[in-house]
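# Structural characterization, general
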Amino acid sequence: MKWLIPAIAAVFLCACTPPKRNVSVNLSGYPPAFRDGYLDGCESSKRAKRPVKDPDRFKGDAQYASGWRDGFDICSKQKQ
């Protein structure tokens with residue numbers, strides 16, 4: 001009986017962990033910078049208050065910026 005309360009607490013804590021980045025797009029053929037940007041852009045489309053974006057990388061890395069815009073646009077459309 002002593003283990004029941006901690007076990008129930010563990011189940012509830014596991015249910016509250018943030019979701020992993022789940023991308024249904026195959027990005028394996030793209031450069032790492034594009035993939036990073038895509039994932040950040042997709043996460044940003046899901047977060048209204050705190051977007052995920054590396055401002056320095058967005059300005060200086062065209063592949064990251066392109067991936068970010070694509071990820072944001074595609075994931076925004078998937079939400080609707």
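Residues numbered from 1 in each chain as written. Predicted model: local features only at pLDDT ≥ 70, side-chain atom pairs only at ≥ 80, totals over all residues. Heavy atoms only, no water.

## Considerations on the overall build of the protein
Counting secondary structure elements, the protein contains four helices and zero strands. Tracing the protein from N to C terminus, the helices and strands come up as α-α-α-α. Sequence separation of at least 24 residues holds for 58% of the intrachain contacts in the protein that already meet a minimum separation of 6. Accessible area for the protein stands at about 6200 Å²; split by element, carbon and sulfur atoms hold 60% of it. (Helix = DSSP H or I, 4+ residues; strand = E, 2+ residues; numbered from the N terminus. Contact = heavy atoms within 4.5 Å. Areas by Shrake-Rupley, 256 points an atom, 1.4 Å probe, with all protein chains shown as cover.)

## What about the pattern of salt bridges?
Under the defined criterion, the tally for this structure stands at two salt bridges. In this structure, Asp-36 and Arg-57 form a salt bridge, with 3.1 Å as the shortest nitrogen-oxygen distance. Of this pair, Asp-36 sits in helix 2 (residues 32–46) while Arg-57 is found in helix 3 (residues 55–60), placing the two residues 21 residues apart along the sequence. Look at Arg-57 and you get partly exposed, because its relative accessible area is 27%. A salt bridge links Asp-61 to Arg-57; the shortest N-O distance between them is 3.8 Å. (Salt bridge = Lys/Arg side-chain N within 4 Å of Asp/Glu carboxyl O. Buried < 20%, exposed > 50% of the residue type's maximum accessible area, 1.4 Å probe, protein only.)

## What to know about the environment of Ala-62
With respect to the element layout, Ala-62 can be found in helix 4 (residues 62–79). For the pair Ala-62 and Ala-33, spaced 29 residues apart in sequence, the C-alpha to C-alpha distance is 8.7 Å.

## Notes on the packing of aromatic side chains
Applying the stated criterion to the full structure yields four aromatic pairs. Through pairs of rings, three or more aromatic residues link up here, namely Tyr-30, Phe-34 and Tyr-38. Between Lys-53 and the ring centre of Phe-58, over which it is positioned, the NZ or CZ distance is 4.1 Å. For Lys-53, the ring lying beneath its charged end belongs to Trp-68, and the centroid distance is 4.2 Å. (Phe/Tyr/Trp six-rings, centres within 6.5 Å; stacked < 30°, edge-to-face > 60°. Lys NZ or Arg CZ within 6 Å of the ring centre and 35° of its normal.)

## Focus: the environment of Pro-55
Residue position: Pro-55 is located in helix 3. Overall, Pro-55 belongs to the partly exposed group, its relative accessible area being 48%.

## Here's the deal with the confidence of the model for the protein
Scored by pLDDT, the protein has a mean of 80; 66% of the residues are at 70 or more. Across the protein, the secondary-structure element scoring lowest on mean pLDDT is helix 1 (residues 4–15), at 56, and the one scoring highest is helix 3, at 96. (pLDDT = per-residue confidence, 0-100.)

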